[in-house]
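Reading the structure
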Amino acid sequence: MKRALLVGIDEYANFNRLAGCCNDVKALEPLLARHADSTKNFDCAALVSASGPVKRDAFISALDSLLAPSANVALLYFAGHGMQLTNDVALVTTDGTAATPGVSFSEILTKIQHSQVPEVIVVLDCCFSGAAGGVPQLGGAAASIKSGVTMLSASRSDQTAAETAAHRGLFSTYLCAALEGGAADTLGNITVAGLYAYLSELFGAWDQRPTFKANVDRLHQLRQAEPAMALSHLRHMLALFPTADYILPLDPAYEPDVEPHDEKKEADFGMLQKGRSAKLINPVGEDHLYFAAVRSRGCQLTALGQHYWQLVQKDLI
């Protein structure tokens, strides 16, 4: 059971209108609802100002439903105005005012703290979102999050978050690209840590800087993208290497276009070529696997290939 609450607010009674938040939810929802192979992922509920005002009470009610028992994973995504508070950030609702802007993240954190959902993921695309997780009473940059909680935000606690000319949040635009496969590992797995690694590289030293906070002992899959190499093919290929540093001898029989033909070696060479494309294999003494085969050289696992070799040996994948 995986729930996702996606909140996008463009219209405000007392704050400047935004242009991309509802569009961000519209783009993000199908990526979270289904894996790349169309199998079910998150059961998504959207709360967007394009369908009517998103008031504080409605937001809190939706949060309570998101964090109710029976789900294994709960994901909260928010795109809208963020108001800077003391070691905290308020997620501004349509009816927010300067005195009561909406829902402070410390309120949300309290609800998460008392929730029975074991894994909670929070993604914030709003100004000053890096303050999420802070404890106002402690001041400074002190943060406290319970076990199983991961938070990814668009900017530091002192920074604004940009929108694009295409009426999208800049952070959320990159987030969607990451979920489409940009942040996937060799097997297509996308985790929040993978998202952060991908997003962090897209923002320079002078730009808004995404932040990542977590209290987890394992990384759970957020979405399954198209793998660079199917697991069955990966295991087949790695079985050709008795040790992680083994140099596999090649000869012309591996290459289908060269005599003599050997069906088994040609099938193995197809797996090796997939591994080469996935950066798991390097030819030895040549720039291309084709020449390594026809010139009877060899190939070996890259550092990444050796990593997956270890995972297979330990029966972890």
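Further up the page is the structure itself.
Residues numbered from 1 in each chain as written. Predicted model: local features only at pLDDT ≥ 70, side-chain atom pairs only at ≥ 80, totals over all residues. Heavy atoms only, no water.

This next bit is on the overall build of the protein. In terms of helices and strands, the protein carries nine helices and 14 strands. Seen along its three principal axes, the alpha-carbon backbone of the protein occupies a region of about 80 × 40 × 35 Å. Counting the 317 residues in the protein, one finds 49% classified as buried. When contacts within the protein are restricted to residue pairs at least 6 apart in sequence, long-range pairs at least 24 apart make up 70% of them. (Helix = DSSP H or I, 4+ residues; strand = E, 2+ residues; numbered from the N terminus. Buried < 20%, exposed > 50% of the residue type's maximum accessible area, 1.4 Å probe, protein only. Contact = heavy atoms within 4.5 Å.)

Working definition: two side chains of opposite charge can pair if their charged atoms are close together. On inspection of all chains with the given rule, the structure shows 10 salt bridges. One salt bridge in this structure joins lysine 111 and aspartate 64, with 2.9 Å as the shortest N-O distance. Here the residue lysine 111 occupies a position in helix α3 (residues 105-114), and aspartate 64 occupies one in helix α2 (residues 56-66), the gap between them amounting to 47 residues. Given a relative accessible area of 27%, lysine 111 falls into the partly exposed group. Here aspartate 158 and arginine 156 are joined by a salt bridge, their closest N and O atoms 3.0 Å apart. The partly exposed category is assigned to arginine 156, whose relative accessible area is 34%. Taken together, the shared-partner salt bridges connect Glu286, Arg295 and Arg297 into one network. (Salt bridge = Lys/Arg side-chain N within 4 Å of Asp/Glu carboxyl O.)

With mixed pairing, the six strands of this open sheet are ordered in space as β2-β1-β3-β7-β8-β10. This sheet does not close on itself; its edge strands, each paired only once, are β2 (43-48) and β10 (211-215). The average undirected angle you get between the axes of adjacent strands in this sheet is 10°. Lying over the sheet, helix α5 (residues 192-201) contacts β7 (119-125), β8 (149-153) and β10, oriented at roughly 20° with respect to β8. (Pairing = 2+ DSSP bridges. Axes fitted to C-alpha atoms, helices over the stretch in contact; angles between N-to-C directions.)

Throughout the structure, instances matching the rule amount to seven aromatic pairs. Taken together, a centroid distance of 5.9 Å and an interplanar angle of 10° make the contact between phenylalanine 59 and phenylalanine 78 stacked. Remark: phenylalanine 78 occurs in strand β3 (residues 73-79) and phenylalanine 59 occurs in helix α2; sequence separation between them is 19 residues. Overall, phenylalanine 59 belongs to the buried group, its relative accessible area being 0%. One cation-aromatic arrangement involves lysine 2 over phenylalanine 42; the distance from NZ or CZ to the ring centre is 4.5 Å. (Phe/Tyr/Trp six-rings, centres within 6.5 Å; stacked < 30°, edge-to-face > 60°. Lys NZ or Arg CZ within 6 Å of the ring centre and 35° of its normal.)

Function-wise, these values are silent; they only describe arrangement.
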